[in-house]
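Observations on the model geometry
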Amino acid sequence: HHSDDHSDVLEKIHFVPVGDNAYYLLSELNQLEKKMKSDTVPNRNMLIIIDSISGCLSSYLYADGDGGAGAALMNEISLALRRLSRLAVVVEDGGHSVTNECAVVVTNGMVGDSSYQNGGRCYKPALGESWRAADIRLIIEPIRQIFEDEHDAGKSGRKVVSGLKVSNLTIVGARLVKHYARRCVNDGISPAQFGINNTGIVDAEYSH
């Protein structure tokens, strides 16, 4: 029964490799917008995940001698994503109306900030301040690795290599730095923490 459920979910996932072809990405986003607007099936919401937007757009943004075409292209993609995230298509369902909507999740890589003068680590979004598509922005970074010992590795069924430590869990911190409906203050506030292991995302409390 669970296998059938998983198959049904996987059939609804569509993977589109765009690489660093931003024009292809923009074309696909426009097609998705047209598809949603013309869809008459109720309760067919959409989740768009782009991983990563900086990997796709960086070469256009920092290209020399393009006459600003790269920045204009990035702006077009930003506007397309914002339109999709605000899309609300009303369709009929058995005599009453329902609304199909779309959510957008985008990852933007982090790079070192050379302008930071106070020591310690400091990072900034790879696309810089020119990327303004997000209504909600989270900064997510690894905090520490938790390694399993040989006894735990043996119990998990993995081959044990003497002296080799295997990362069993990564503790990750998340800070809210932008929200369309609230002011974000992060000074002196510890980031929210969660764990990532071979089963997916887990509560940080399971790391203890």
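The structure contained in this document is the topic of the report that follows. (Residues numbered from 1 in each chain as written. Predicted model: local features only at pLDDT ≥ 70, side-chain atom pairs only at ≥ 80, totals over all residues. Heavy atoms only, no water.)

Considering the overall build of the protein
Each helix and strand in the protein was counted, giving five helices and nine strands. When the helices and strands of the protein are read in sequence order from the N terminus, they spell out α-α-β-α-α-β-β-β-β-β-α-β-β-β. Relative to its 208 residues, the protein shows a buried fraction of 25%. A sequence separation of at least 24 residues applies to 60% of the contacts in the protein between residues at least 6 apart. Carbon and sulfur atoms make up 52% of the accessible area of the protein, which amounts to about 14400 Å² in all. (Helix = DSSP H or I, 4+ residues; strand = E, 2+ residues; numbered from the N terminus. Buried < 20%, exposed > 50% of the residue type's maximum accessible area, 1.4 Å probe, protein only. Contact = heavy atoms within 4.5 Å. Areas by Shrake-Rupley, 256 points an atom, 1.4 Å probe, with all protein chains shown as cover.)

Points about the pattern of salt bridges
Across all of its chains, the model carries five salt bridges by this definition. The shortest N-O distance in the salt bridge between Arg44 and Asp39 comes to 2.7 Å. Two residues, Arg82 and Asp135, come together in a salt bridge whose shortest N-O distance is 3.5 Å. Of this pair, Arg82 sits in helix H4 (residues 69-85) while Asp135 sits in the loop between strand S5 (123-125) and strand S6 (136-148), placing them 53 residues apart in sequence. (Salt bridge = Lys/Arg side-chain N within 4 Å of Asp/Glu carboxyl O.)

Examining the environment of Ala22
By the secondary structure assignment, Ala22 is in helix H2 (residues 22-38). The exposure class assigned to Ala22 is buried, which follows from its relative accessible area of 0%. Excluding anything up to four places from it in sequence, Ala22 contacts Cys56, Leu57, Tyr60, Leu73 and Ile77.

Quick notes on the sheet that holds strand S1 (residues 46-50)
Sheet strands pair via backbone hydrogen bonds, and the direction of the pair is either parallel or antiparallel. Strand order in the open sheet made by the three strands is S1-S3-S2, with mixed pairing throughout. Here the strands that pair on one side only, and so sit at the sheet edges, are S1 and strand S2 (88-93). The mean inter-strand angle of the sheet, taken between neighbouring strand axes irrespective of direction, is 20 degrees. Relative to strand S3 (residues 96-106), S2 runs antiparallel, the two sharing six bridges. (Pairing = 2+ DSSP bridges. Axes fitted to C-alpha atoms, helices over the stretch in contact; angles between N-to-C directions.)

Examining the environment of Thr99
Mapped onto the secondary structure, Thr99 falls in strand S3. Given a relative accessible area of 36%, Thr99 falls into the partly exposed group. For the pair formed by Thr99 and Asn45, sequence separation is 54 residues and the distance between their alpha carbons is 8.5 Å. Leaving out residues up to four positions away in the same chain, Thr99 has contacts with Asn45, Ala88, Val89 and Val90.

Let's talk about the nonpolar core
With 28 residues, the main nonpolar core has Leu25, Leu29, Ile53, Leu57, Ile77 and Trp131 as its most contacted residues. Elements with a minimum of two residues in this core: H2, S1, helix H3 (53-61), H4, S2 and S3. Among residues more than four places away in sequence, those in contact with Leu57 are Ala22, Met74, Ile77, Leu127 and Trp131. (Core = buried A, V, L, I, M, F, W, Y, C linked by side-chain atoms within 4.5 Å.)

Here we look at the packing of H3 against H4
Angle between the axes and distance between the axes are the two parameters that describe a pair of packed helices. At their nearest, the axes of H3 and H4 sit 8 Å apart, and the two run at 150 degrees to each other. The angle between the axes of H3 and H4 places the two elements in the roughly antiparallel class. From H3, Ile53, Leu57, Tyr60 and Leu61 reach across to H4, where they touch Gly70, Leu73, Met74 and Ile77. When grouped by side-chain class, the residues that make up the contact of H3 with H4 number seven nonpolar, one polar and no charged. (Parallel < 35°, antiparallel > 145°, perpendicular 65-115°, else oblique. Nonpolar A, V, L, I, M, F, W, Y, C, P; charged D, E, K, R; others polar.)

Section: a nonpolar patch on the surface
The grouping of Ile136, Leu138, Ile140 and Tyr180 at the surface amounts to a nonpolar patch, some 440 Å² of accessible area in total. Examined against the element boundaries, Ile140 turns out to sit in strand S6. (Patch = residues over 30% accessible without salt bridge, like charges linked within 9 Å, V, L, I, M, F, W, Y side chains within 5 Å.)

Worth remembering: the numbers are spatial, not functional.
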